[in-house]
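The primary structure of each chain is shown beneath.
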Amino acid sequence: LADVRLLHERFEPAAFRQELAERHEAWVRAGEDDEESLLDALRRAHHAEVFRTLVRDVEGCITVEEVADDLSALADALLQTAIDWCWARQLKLGKAHRAQPRFAVIAYGKLGGKELGYGSDLDVVFLYDDEDEAAPEAYAGFVRKLVPWLTLQTRAGGLFDIDTALRPNGNSGLLVSSLKSFAAYQEGRGSNTAWTWEHQAITRARCAMGSPDLVARFEAVRQTVITAERDHASLAAEICAMRDKVRQAHPVPAGRFDLKHSPGGMVDAEFVVQYLVLAHAARVPALRLNRGNISLLVGAQDVDLLPPGWGQQAADAYRRLRRLQHRARLDEAPTQVDPATVADDTTAILRVWHHVLGGAPASV
């Protein structure tokens with residue numbers, strides 16, 4: 001805090017990972033790389049960087065989008081570092097079958113869209129691409145070890161809460177899957193295939209860590225899924241039905257507006273974007289990139305899927321609601337507000353919902 005340069009810098013993932021790698025090498029040479037020390041080191045490094053981002057945030061030096069970018073990049077860097085260190089220990093103990101894992105972490109939700117906030121859960125799926133006969137057992141054991149590395153509360157505090165419910169077959173599915181079986185599930189090959197809500201989720205998924213070839217192969221699966229031909233009426237009906245389920249799971253008191261879940265809130269904007277991607281990405285290349293909801297709303301307007309100005313206005317409204325949500329969470333304040341304070345924003349979002357999905361949102 002005494003150094004004003006802190007305010008004018010941004011998080012640098014490469015430098016962050018390099019510093020941790022050098023520390024790790026020193027601990028290994030000194031024989032001080034016990035698991036407890038490594039877990040504490042990850043948490044202290046995470047807390048320090050979050051605090052630096054927080055300072056820039058409250059001083060108004062970075063925008064809410066830049067906060068999300070930096071927190072997402074920090075999560076990516078910590079996932080990679082934790083995997084490197086955890087795999088090295090497995091190798092040391094004779095529980096790894098190769099020097100470097102053929103392994104990837106697929107980020108969904110806020111991390112997938114690079115919209116991570118303070119204290120956000122990480123929605124992730126673990127994949128491997130390895131033909132070795134020992135691979136299934138080795139990676140299953142590795143993930144069982146890795147998840148506590150990411151979630152355990154130690155004397156240095158916590159790191160992340162991990163949600164793996166988006167893996168194939170949900171909570172009843174394997175914790176880690178081969179890329180081949182994941183592709184078959186998502187692309188509808190065989191008797192066990194993904195639901196529409198899972199395809200909604202993959203519109204904002206990305207490979208948060210993995211070798212370049214794994215990143216490319218996952219993205220190829222994602223592109224196949226989002227560009228598949230779909231019946232637009234059936235897709236709209238399924239998305240509206242899912243929106244209604246989400247609404248029922250998050251009731252809002254009368255006379256209050258929940259920034260995320262109320263009609264005209266952030267979820268409605270997100271579901272509109274997911275419909276536009278799944279319905280039109282096959283013919284509109286601009287919708288195939290995971291560019292975030294704000295950019296995709298504007299992009300949909302630019303290709304005439306939304307009337308002139310509507311996409312930009314909905315994007316601006318979504319940005320303002322995100323900013324309000326971000327500030328409320330930062331202050332540990334409620335994210336339910338007086339509806340009158342966000343009336344213009346909800347009007348902009350409901351207008352694109354009506355235009356794209358027809359009629360009032362299922363949340364009404």
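Residues numbered from 1 in each chain as written. Predicted model: local features only at pLDDT ≥ 70, side-chain atom pairs only at ≥ 80, totals over all residues. Heavy atoms only, no water.

Caption draft 1: Region of interest: the packing of aromatic side chains. Applying the stated criterion across every chain, the model contains nine aromatic pairs. Judged by centre distance (5.3 Å) and plane angle (65°), the rings of F11 and F16 are edge-to-face. The same class applies to F11 and to F16, which are both buried. Ring geometry for F103 against Y139: centres 6.2 Å apart, planes inclined by 10°, an arrangement best described as stacked. (Phe/Tyr/Trp six-rings, centres within 6.5 Å; stacked < 30°, edge-to-face > 60°. Buried < 20%, exposed > 50% of the residue type's maximum accessible area, 1.4 Å probe, protein only.)

Caption draft 2: Quick peek at the pairing of strand β2 (residues 122-128). Burial analysis of β2 places seven of its seven residues in the buried class, which makes it a mostly covered element. Side-chain alternation along β2 places L122, V124, F126 and Y128 on one buried face and D123, V125 and L127 on a second face that is also buried. Note that strand β1 (residues 103-108) and β2 share six bridges and pair antiparallel. Of the residues in β2, the one forming a bridge with A107 is V124. Inspection of the sheet shows β2 paired to strand β3 (residues 162-163) by two bridges, in the parallel sense. Its bridge partner lying in β3, D123 is registered against D163. Once you follow β2 into helix α5 (residues 135-151) and on to β3, the crossover reads as right-handed. (Helix = DSSP H or I, 4+ residues; strand = E, 2+ residues; numbered from the N terminus. Pairing = 2+ DSSP bridges. Right-handed = clockwise from strand over helix to strand, strands pointing away.)

Caption draft 3: Fine view of unusual backbone geometry. A positive phi is found at D304, a non-glycine position, where the angle reads about 70°. Locating D304 in the fold gives a position in the loop between α11 (293-302) and α12 (310-330). You will see that E332, though not glycine, has its phi angle at about 55°, which is positive. By the element assignment, E332 lies in the loop between α12 and β7 (336-337). A residue is classified by how much of its surface remains accessible, and E332, at 76% relative accessible area, is exposed.

Caption draft 4: Up close: helix α8 (residues 212-226). Taking 1.5 Å per residue, 15 residues should reach 21 Å; α8 reaches 21 Å between its end C-alpha atoms and fits that length. Those residues of α8 not exposed but buried are L214, F218, V221, R222, V225 and I226. Down the axis of α8, the buried side of the element spans an arc of 125°, and every buried residue falls inside it. Next to the buried residues of α8 lie β1, α6 (179-186), α7 (196-202), β5 (206-209) and α10 (266-280). (Expected span 1.5 Å × (residues − 1). Arc of directions from axis to C-beta. Contact = heavy atoms within 4.5 Å.)

Any functional reading would require information beyond the geometric quantities listed.
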